[in-house]
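As a plain string of letters, each chain reads:
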Amino acid sequence: MRFIYYNFLFILVALTSCSNASQPNDPIPKHETFKIQSKQVGEERVINVWTPENYKASKDSLPVMYMADGGIKEDFPHIANTLAKLIKQNKIKPLILVGIENTQRRRDLTGFTEVAKDKEIAPVVGGSDKFRAFIKNELFPEINRRYRTTTEKSIIGESASGLFVMETFFLAPEMFDNYIAFDPSLWWNNHYLVRTAKENLASFPITEKRIWFAGSNAEDISPYTKQLAEILKAENRNNIKWKFSDEPKEKHTTIFRATKVKAIIWALNKTE
């Protein structure tokens, strides 16, 4: 009984917090903020946008990276500062970062579930389809209208946001070109995404996609990231370029910062 309690407590913390390891005193970079009234999720959403240093001085169109947990008090400063450093070091090409600030995080980032314990983490869960529709049908056009963009899109996320990244990869792979997930909460709905991975891969589009994902030593995550890596290896689809980073020395709260640089470089540089 005690094990069940502590396991549920861990799940609650993981889904409630947005990347605990990403919060300590990240300087807030220069950015723009606007609001968008969403019909898909039925509320106003705050969007933060970071552009590289020479964006306004040039006429170039740039790829875009999207992220949930994208508030100023969430992971947006952390990732924006990382991208700025990598661009300055010529390790990646310039791109735009779009952060979506949370309102009801556990609602937006989780898919449906048949597990009773999953449903106890919040008054409303299972809203990922609507959140994805908001990004695709409302946010994409608004970003393309406001900024000079190419067609290349990436998405990055950790924990519950990582779950949303993985769910989007399997259920709506055409939305993004590059997927990055740190310690995705693949235990959700009795590890549904892993159980249905082969089925979803069977109907995968023929366009090339890249996916990088990492697993820490978290007992409720590690088995499923490893299992998913085995499935991708066995399926061996030529159009899916993938990389699994097994990080047994990292905790759920440390893996984001520990692996962010190699994840972004691999996903965006397309050298492997």
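Residues numbered from 1 in each chain as written. Predicted model: local features only at pLDDT ≥ 70, side-chain atom pairs only at ≥ 80, totals over all residues. Heavy atoms only, no water.

Please explain the pattern of salt bridges as it appears in this structure.
Once their charged atoms are close, side chains differing in charge can pair, the charge on each being opposite to the other. Per the stated rule, a full pass over the model turns up 16 salt bridges. Asp69 is the partner of Arg105 in a salt bridge, and the nearest nitrogen-oxygen pair spans 2.7 Å. Here Asp69 lies in the loop between strand E3 (62–67) and helix H2 (76–88) and Arg105 lies in helix H3 (residues 105–108), a separation of 36 residues in the sequence. Arg105 sits in the buried class, given a relative accessible area of 7%. Lys262 is the salt-bridge partner of Glu247, the closest N and O atoms lying 2.7 Å from each other. Taken as a pair, Glu247 in the loop between strand E8 (240–246) and helix H10 (255–269) and Lys262 in helix H10 lie far apart in primary sequence, 15 residues in all. Here the residues in one salt-bridge network are Glu43, Arg45, Arg107 and Asp108, joined through shared partners. (Salt bridge = Lys/Arg side-chain N within 4 Å of Asp/Glu carboxyl O. Helix = DSSP H or I, 4+ residues; strand = E, 2+ residues; numbered from the N terminus. Buried < 20%, exposed > 50% of the residue type's maximum accessible area, 1.4 Å probe, protein only.)

Is there a simple way to think about the environment of Ile87 in this case?
Mapped onto the secondary structure, Ile87 falls in helix H2. Taking the C-alpha atoms as reference, Ile87 lies 8.0 Å from Pro52; in sequence the two are 35 residues apart. The residues touching Ile87, leaving out its near neighbours within four places in the chain, are Trp50, Pro52, Ile92, Lys93, Pro94 and Leu95. (Contact = heavy atoms within 4.5 Å.)

Got a minute to help me understand the packing of aromatic side chains in this structure?
Two descriptors summarise a pair of aromatic rings, namely the distance from one centre to the other and the angle between the planes of the rings. Applying the stated rule across the entire model yields 15 aromatic pairs. Ring centres of Phe140 and Phe176 lie 5.6 Å apart, and the angle between their planes is 85 degrees; this geometry places the pair in the edge-to-face category. Of the two residues, Phe140 is situated in helix H5 (residues 128–146) and Phe176 in the loop between helix H6 (160–171) and strand E6 (178–182); the sequence distance between them amounts to 36 residues. Just as Phe140 is buried, Phe176 falls in that class too. Measuring from ring centre to ring centre gives 5.0 Å for Phe169 and Phe204, while their planes differ by 50 degrees; the resulting arrangement is tilted. Taken as a pair, Phe169 in helix H6 and Phe204 in the loop between helix H8 (197–202) and strand E7 (209–215) lie far apart in primary sequence, 35 residues in all. When sorted by exposure, Phe169 lands in the same class as Phe204, which is buried. Above the plane of the ring of Phe34 lies Arg146, whose end atom (NZ or CZ) is 3.9 Å from the centre. Lying over the aromatic face of Tyr55, Arg148 brings its terminal NZ or CZ to 4.1 Å of the ring centre. (Phe/Tyr/Trp six-rings, centres within 6.5 Å; stacked < 30°, edge-to-face > 60°. Lys NZ or Arg CZ within 6 Å of the ring centre and 35° of its normal.)

Would you mind going over unusual backbone geometry with me for this structure?
Leaving glycine out, the prevailing phi sign among residues is negative, and the prevailing peptide bond configuration is trans. Although it is not a glycine, Asp183 sits at a positive phi angle of roughly 45 degrees. Along the chain, Asp183 falls in the loop between E6 and helix H7 (188–195). The buried category is assigned to Asp183, whose relative accessible area is 0%. Residue His191 is not a glycine yet carries a positive backbone phi of 45 degrees. For His191, a relative accessible area of 17% translates into the label buried.

So what exactly am I meant to see when it comes to the pairing of strand E1 (residues 32–38) here?
Residues in a regular strand point their side chains to alternate faces of the sheet. As judged from the seven bridges shared by E1 and strand E2 (residues 43–50), these two strands associate in the antiparallel manner. Looking across to E2, one finds that Thr33 is bridged to Asn48. Hairpin connection between E1 and E2: a loop of four residues separates the two successive antiparallel strands, and Gly42 in this loop has a positive phi of roughly 70 degrees. (Pairing = 2+ DSSP bridges.)

Help me understand the pairing of strand E4 (residues 96–100) in this model?
Taking burial as the measure, the five residues of E4 include five buried ones, the bulk of the element. Residues Ile96, Val98 and Ile100 of E4 are buried on one face, and the alternating residues Leu97 and Gly99, pointing to the opposite face, are buried as well. Relative to E4, E3 runs parallel, the two being bridged by four bridges. What sits directly across from Met67, in E4, is Gly99. What joins E3 to E4 is H2, and the crossover it makes is right-handed. (Right-handed = clockwise from strand over helix to strand, strands pointing away.)

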